[in-house]
Amino acid sequence: MDRGRATRSRRSSSAGRRSTAQRRGIAIGVSVATVAGLAAVTLPALAEEDPPRPEPGAAGPSQQIVDALRRDLSLTEAQARARLDRERWARGTSQRLRAELGSGYAGTWLAADGNRLMVAVTEEAGAERVRGAGAEPKLVTRNARQLDTVKASLDRIADEATPDVAGWYVDVSNNRVVVRAQPGTEAAVRKFVRASGAPEGAVEVVASAEAPVPLIDVRGGDPYLIDGRARCSIGFSVVGGFVTAGHCGAPGATTSSPDGVAQGVVAASSFPGDDWGVVETNDDFVPQPVVNDFDGGTVSVAGGQEAPVGSSVCRFGSTTGARCGVIEALNATVVYPEGTVTGLTRTNVCAEPGDSGGSWMSGDQAQGVTSGGSGDCTVGGTTFFQPLTEILEVNDLTLVTTEGPPAEPPATTGPPAPTEPPAATEPPPAGTEPPSPPPGSECAGHKALKAATLGAGRRQVQPAGRYFRAGHGRHTGCLDGPARANFDLVLQKWSRGAWRTVAVAAGPTADERISYAGTAGFYRYRVESRRGSGDYVLGFSLR
């Protein structure tokens, strides 16, 4: 996202933020009010503060949990239910033994068969107590508090860990702390462990190819929290973040995932007058060209072509999931208690609190974000959405889609005739080699060259998903990307236990250049697609 553009949006006055829909006039006026004898009106929508906790269900595991265990652990239904019963017993027994054993307690775990409860103890008297409770004891050297102390010594110097360290944890079954390191770096990681002051023998360094990254996709329809309090739904992914409803949060409000992970900040919003908001997400959240279908899958977003009145349209929101109907009118004006909003689209689709900001799709084309309405999904209702095209135009945003821009405008055609389903195409062959740098590439003169293919709205870390060590000097990076695409090039440095962006090249094409004078340390490049997809070449050097 262009931070300068977001800043301009935040500074614009209420009058300056008036929509293009307001300037082109009002075609239909709709007043939303409470009418005696009719369904209650939901105004303006549909943000929900402090979502109520669900009522506790009937005793016993839900069928969804049982089915998931059958699928993922290859169990029968009877085996899955038996395992859940045994685990419920193990939880209660573990808590009781922890309290009874005191300083002699060193941890509990279920054996691989999911049946035997193992309890580590530091003295034989504790072992007898464990057997009496129906569990199996294991005598060890360090108690639970000592293991936690060893781990805490590593936590204190976490900022000194290099990217070769994937993490560490307490391994109660082996009475130790395990540190995972990239293969070939074990010796260097052991120096890090010694620097922590951890007792000899209490820590084991294990080679592992793990390279954990946050796996948080930005998907339309998913919930998010505003200032940790109110809940809304994501509309659509744009480069750098997502769009949503303006009444969900004012510029500067912070957003997070439902489990409290910091997500981003509202960079710009408009309400009333319009009802749109733009959230700029941090690097942990990756905008994806999909919408949650609330049936275990996603709906692909291929573009943002506006649908005409009478078209079918489906709404996706975190409270009521997927609901469909038809578009009844465009350019509708709605009078909310907070003020008038113009240029909305009227539909006969229902919605409820918490669905605000969620996605509207007609086929595979993005339409807008939920504003407000009346009724609910029990009695039915009317819901309005803010058209997406205006949000993108006013804020100069790029919608993240599954398709790149066409090479040239498509020819005008008539409506498609009914046809047989298309034949399935063969998948690309496995193990396809990445593209080689083309001869004569402008980036060919650099010391290091990497060639790869990048999808629309995606990002890749180079070299080869890892990083490189560099001394003091000037970094020069060269990106040679496909025509008609817009790729950005980012240089990051490992600092204080995280990757920090130190330089960005974000021009209007897929060809970018970076020059940065940096100190010694670990660095990596990141290539990002703002628009389009295709092969690219990255060259970089240190001088």
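Cut-off values and rules
- Residues numbered from 1 in each chain as written.
- Predicted model: local features only at pLDDT ≥ 70, side-chain atom pairs only at ≥ 80, totals over all residues.
- Heavy atoms only, no water.
- Pairing = 2+ DSSP bridges.
- Helix = DSSP H or I, 4+ residues; strand = E, 2+ residues; numbered from the N terminus.
- Axes fitted to C-alpha atoms, helices over the stretch in contact; angles between N-to-C directions.
- Contact = heavy atoms within 4.5 Å.
- Core = buried A, V, L, I, M, F, W, Y, C linked by side-chain atoms within 4.5 Å.
- Buried < 20%, exposed > 50% of the residue type's maximum accessible area, 1.4 Å probe, protein only.
- Disulfide = S-S within 2.5 Å.
- Salt bridge = Lys/Arg side-chain N within 4 Å of Asp/Glu carboxyl O.
- Phe/Tyr/Trp six-rings, centres within 6.5 Å; stacked < 30°, edge-to-face > 60°.
- pLDDT = per-residue confidence, 0-100.
- Expected span 1.5 Å × (residues − 1).

### Describing the sheet that holds strand E7 (residues 165-171)
Then comes step 1: With mixed pairing, 3 strands are arranged side by side in an open sheet as E7-E8-E9. The open sheet has two free edges, formed respectively by E7 and strand E9 (203-207), since each of these has just one partner strand. In this sheet, neighbouring strand axes are inclined to one another by 25° on average, regardless of whether the strands run parallel or antiparallel.
Then comes step 2: As paired elements, strand E8 (residues 176-181) and E9 share 5 bridges and run parallel to each other. The residue of E9 that forms the bridge with Arg180 is Val206.
Then comes step 3: Set on the sheet, helix H7 (residues 186-196) makes contact with E7, E8 and E9; between it and E9 the angle comes to about 155°.

### Let's talk about the nonpolar core
Where a protein is soluble and globular, its nonpolar side chains tend to be buried together.
Then comes step 1: By size, the foremost hydrophobic cluster in this structure holds 19 residues, and its most contacted members are Phe487, Leu489, Tyr525, Val527 and Tyr536.
Then comes step 2: Mapped onto this core, the elements with two or more residues apiece are strand E26 (448-454), strand E28 (468-470), strand E30 (486-495), strand E31 (498-505), strand E33 (521-531) and strand E34 (534-542).
Then comes step 3: Residues contacting Leu489, with those up to four places away along its chain left out, are Gly477, Cys478, Leu479, Ala503, Val504, Ala505, Glu512, Ile514, Tyr525, Arg526, Val527 and Leu538.
Then comes step 4: In terms of nonpolar packing, the next biggest core, distinct from the first, is built from 18 residues, Ala268, Trp276, Ile391 and Leu399 among them.

### Points about the state of the cysteines
Then comes step 1: Using the criterion set out here, one finds 4 disulfides in the structure.
Then comes step 2: Residue Cys232 pairs covalently with Cys248 via a disulfide, S to S 2.0 Å. Judged by the sign of its S-S torsion, about -95°, the cystine formed by Cys232 and Cys248 is left-handed. Of this pair, Cys232 sits in strand E12 (residues 230-233) while Cys248 sits in the loop between strand E14 (241-244) and strand E15 (254-256), and the two are 16 residues apart along the sequence.
Then comes step 3: In this model, Cys350 is linked to Cys377 through a disulfide, with the two sulfur atoms separated by 2.1 Å. With the S-S dihedral at roughly 95°, the linkage between Cys350 and Cys377 falls on the right-handed side. One end of the pair, Cys350, is in the loop between strand E22 (339-347) and strand E23 (359-362); the other, Cys377, is in the loop between strand E24 (365-376) and strand E25 (380-387), and 27 residues separate them in sequence. There is no split in this pair, since Cys350 and Cys377 are both buried.
Then comes step 4: Counting only the cysteines that take part in disulfides, in the order they occur along the chain, gives the pairing 1-2, 3-4, 5-6, 7-8.

### Description of the pattern of salt bridges
Then comes step 1: Inspection of the entire model under this criterion finds 19 salt bridges.
Then comes step 2: Glu77 is the partner of Arg70 in a salt bridge, and the nearest nitrogen-oxygen pair spans 3.5 Å.
Then comes step 3: The shortest N-O distance in the salt bridge between Arg81 and Glu77 comes to 3.4 Å. With Arg81 and Glu77 both in helix H4 (residues 77-101) and 4 residues apart, the pair spans about one turn of that helix.
Then comes step 4: Overall, Arg81 belongs to the partly exposed group, its relative accessible area being 29%.
Then comes step 5: Linked by salt bridges that have partners in common, Asp67, Arg70, Glu77 and Arg81 make up one network.

### Structural notes on the environment of Glu338
Then comes step 1: Residue placement: Glu338 occurs in the loop between strand E21 (321-336) and E22.
Then comes step 2: Among the residues examined, Glu338 registers a relative accessible area of 44% and is labelled partly exposed.
Then comes step 3: Taking the C-alpha atoms as reference, Glu338 lies 8.5 Å from Phe271; in sequence the two are 67 residues apart.

### Points about the packing of aromatic side chains
The geometry of two aromatic rings is summed up by the distance between their centres and the angle between their planes.
Then comes step 1: Per the stated rule, a full pass over the model turns up 10 aromatic pairs.
Then comes step 2: For the ring pair Phe468 and Tyr525, a centre distance of 6.2 Å and an interplane angle of 20° mean the geometry is stacked. Pair noted here: Phe468 is in strand E28 and Tyr525 is in strand E33, with a separation of 57 residues, a long-range link.
Then comes step 3: On the accessibility criterion, Phe468 (16% relative accessible area) is buried.
Then comes step 4: Here Tyr525 falls in the buried class, since its relative accessible area comes to 0%.

### Considerations on the confidence of the model for the chain
Residues shown with low pLDDT carry predicted positions that ought not to be read at fine detail.
Then comes step 1: Here the chain shows a mean pLDDT of 80. Residues at 70 or above account for 80%.
Then comes step 2: For residues 49-58, every residue scores under 50 in pLDDT, and the model assigns this stretch 5 contacts once sequence neighbours within four places are set aside.
Then comes step 3: Every residue in residues 404-437 scores below 50 in pLDDT, and together they form 15 contacts with partners more than four places removed in sequence or on other chains.

### Some words on H4
Then comes step 1: The end-to-end C-alpha distance of H4, which contains 25 residues, comes to 36 Å, matching closely the 36 Å that a straight helix rising 1.5 Å per residue would cover.
Then comes step 2: Within H4 the residues assigned to the buried category are Ala80, Leu84, Glu87, Ala90, Thr93, Ser94, Leu97 and Leu101.
Then comes step 3: Where H4 terminates, the next one or two residues include Gly102, which has phi positive at roughly 60°.

### Concerning the sheet that holds E34
Think of a sheet as strands paired side by side through backbone hydrogen bonds, with each pair either parallel or antiparallel.
Then comes step 1: In space, the 4 strands of this open sheet follow the order E26-E34-E29-E32, with antiparallel pairing throughout. Two strands lie at the open edges of the sheet, namely E26 and strand E32 (512-518), each paired on one side alone. Across this sheet, the average inter-strand angle for adjacent strands is 15°, counted without regard to direction.
Then comes step 2: Looking at chain direction, E26 and E34 are connected through 7 bridges and run antiparallel. Bridge assignment links Leu449 to a residue of E34, and that residue is Gly539.

### Section: unusual backbone geometry
Then comes step 1: Omega for the bond connecting Phe271 with Pro272 falls within 30 degrees of zero, at -10°, which places this linkage in the cis form.
Then comes step 2: As for its placement among the helices and strands, Pro272 is situated in the loop between strand E16 (262-270) and strand E17 (276-281).
Then comes step 3: Cis geometry marks the peptide bond from Gln462 to Pro463; its omega dihedral reads 5°.
Then comes step 4: Notably, Ser74 is not glycine yet its phi reads approximately 55°, a positive angle.
Then comes step 5: With respect to the element layout, Ser74 can be found in the loop between helix H3 (63-73) and H4.
Then comes step 6: Although it is not a glycine, Asn331 sits at a positive phi angle of roughly 55°.
Then comes step 7: Locating Asn331 in the fold gives a position in strand E21.

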